[in-house]
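What follows is the residue order along each chain.
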Amino acid sequence: MRVYGRLHPVPRLVCWYGDPGCSYRYSGLSHDPLPWTAPLEGLREQLAQRLGWSFNSLLLNRYRSGADRMGWHADDEPELAADHQIASLSLGVMRTLRFRPRPAAVRGVPSLASGHPPLALDLADGDLLLMEPPTQAHWQHALPARLRQGGERFNLTFRRIET
Ligand SMILES: O=C(O)CCC(=O)C(=O)O
């Protein structure tokens, strides 16, 4: 992936699933969607029924050990529907997801979270985190490394791409 113009290996494994046409570009990488598998399609349908939101894509992250991680970012790429929920399902070992207010105004909108202390959520096996709009406009999140921790974790974020 590209960070400030330099190429780095992605510190986790990543897969992108979605309806045809739901391509996603972030960190300088372009992802064309893999077709839904039956279990993933089943999860998507359950979420749509329970939450009343319809998701057309899914980012699947695999953290092979505590060394795998995700840096600070917001899920605010132009192709993501900004007025749509993101549903994040955690499986495997517990890891801590951290939130902090966005450092600067985004698209002319000042961060409503400015001055708020950072937050930490311990996400355990089976936890479902819902990020409602406009979370991404005001907060960043990250999953830091936990070097002494072994064990794998999978995170599935169901999203809506504007097509
Ligand atoms: O693994 C997690 O819980 C966070 C994933 C994440 O930040 C993302 O997919 O944008």
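Trainee: So what's going on with the overall build of the chain? Residues and values would help.
Mentor: Looking only at helices and strands, one finds two helices and 13 strands in the chain. By principal-axis analysis of the C-alpha atoms, the chain measures approximately 40 × 40 × 35 Å. Considering the chain as a whole, with its 163 residues, one finds that 40% of them fall into the buried category.

Trainee: Please provide a residue-by-residue account of the packing of aromatic side chains, values included.
Mentor: Any aromatic ring pair is given by two values, namely how distant the centres are and how the planes are angled relative to each other. All chains considered together, the criterion is met by three aromatic pairs. Plain terms: the ring middles of Trp36 and Phe158 are 6.4 Å apart, the flat faces sit at 5° to each other, and that makes the pair stacked. Taken together, the residues span a long stretch of sequence, with Trp36 in the loop between β5 (29-31) and α1 (38-51) and Phe158 in strand β13 (residues 153-159) at a distance of 122 residues. Comparing Trp36 with Phe158 shows no difference in burial state: the two are buried.

Trainee: Which residues make up the sheet that holds strand β8 (residues 86-92), and what values do they have?
Mentor: Read across the sheet, five strands follow the order β3-β6-β13-β8-β11 without closing on themselves; strand pairing throughout is antiparallel. This sheet does not close on itself; its edge strands, each paired only once, are β3 (13-18) and β11 (128-131). Geometrically, the sheet is characterised by an average inter-axis angle of 15° between neighbouring strands, direction not taken into account. Each of β3, β6 (57-63), β8, β11 and β13 is contacted by α1, which is oriented at about 55° to β13, the strand it contacts most.

Trainee: Let's hear about the site of the ligand: which residues, and what values?
Mentor: As a matter of local geometry, the ligand sits amid Leu59, Asn61, Tyr63, Met70, His73, Asp75, Leu97, His141, Arg153, Asn155, Thr157 and Arg159. Asn155 places a side-chain nitrogen or oxygen 3.3 Å from an oxygen atom of the ligand. Across the complex, the protein chains shield 98% of the 290 Å² of accessible surface that the ligand would expose by itself. Residue contributions to the shell around the ligand peak at four residues, all from β13. Residues of the shell around the ligand, tallied by class, amount to four nonpolar, five polar and three charged.

Trainee: Requested: an account of the sheet that holds strand β7 (residues 70-73), with residues and values cited.
Mentor: One open sheet holds the four strands; their spatial order is β7-β12-β9-β10, and the pairing between them is antiparallel. If you trace the sheet from one side to the other, it starts and ends with β7 and β10 (119-123), each paired once. The mean inter-strand angle of the sheet, taken between neighbouring strand axes irrespective of direction, is 20°. Strand direction decides the pairing type here: strand β9 (residues 95-101) and strand β12 (residues 139-143), joined by four bridges, are antiparallel. Across the sheet, the residue bridging to Phe99 is His141, located in β12.

Trainee: Break down α1 for me, citing the residues and quoting the values.
Mentor: Between its first and last C-alpha atoms α1 spans 20 Å; for 14 residues at 1.5 Å apiece the expected length is 20 Å, and the two agree. Where α1 is buried, its residues meet β3, β6, β8, β11 and β13. Directly after α1, the chain includes Gly52, whose backbone phi takes a positive value near 75°.

Trainee: Describe unusual backbone geometry, and please don't skip the residues or the numbers.
Mentor: For the peptide bond that leads from Pro133 to Pro134, omega is 5°, which places it in the cis range. Of note, Pro134 is situated in the loop between β11 and α2 (135-138).

Calculation criteria
- Residues numbered from 1 in each chain as written.
- Predicted model: local features only at pLDDT ≥ 70, side-chain atom pairs only at ≥ 80, totals over all residues.
- Heavy atoms only, no water.
- Helix = DSSP H or I, 4+ residues; strand = E, 2+ residues; numbered from the N terminus.
- Buried < 20%, exposed > 50% of the residue type's maximum accessible area, 1.4 Å probe, protein only.
- Phe/Tyr/Trp six-rings, centres within 6.5 Å; stacked < 30°, edge-to-face > 60°.
- Pairing = 2+ DSSP bridges.
- Axes fitted to C-alpha atoms, helices over the stretch in contact; angles between N-to-C directions.
- Contact = heavy atoms within 4.5 Å.
- Near = heavy atom within 4 Å.
- Polar contact = N/O pair within 3.5 Å; in protein donor to acceptor, adjacent residues only side chain to side chain.
- Areas by Shrake-Rupley, 256 points an atom, 1.4 Å probe, with all protein chains shown as cover.
- Nonpolar A, V, L, I, M, F, W, Y, C, P; charged D, E, K, R; others polar.
- Expected span 1.5 Å × (residues − 1).

Worth remembering: the numbers are spatial, not functional.
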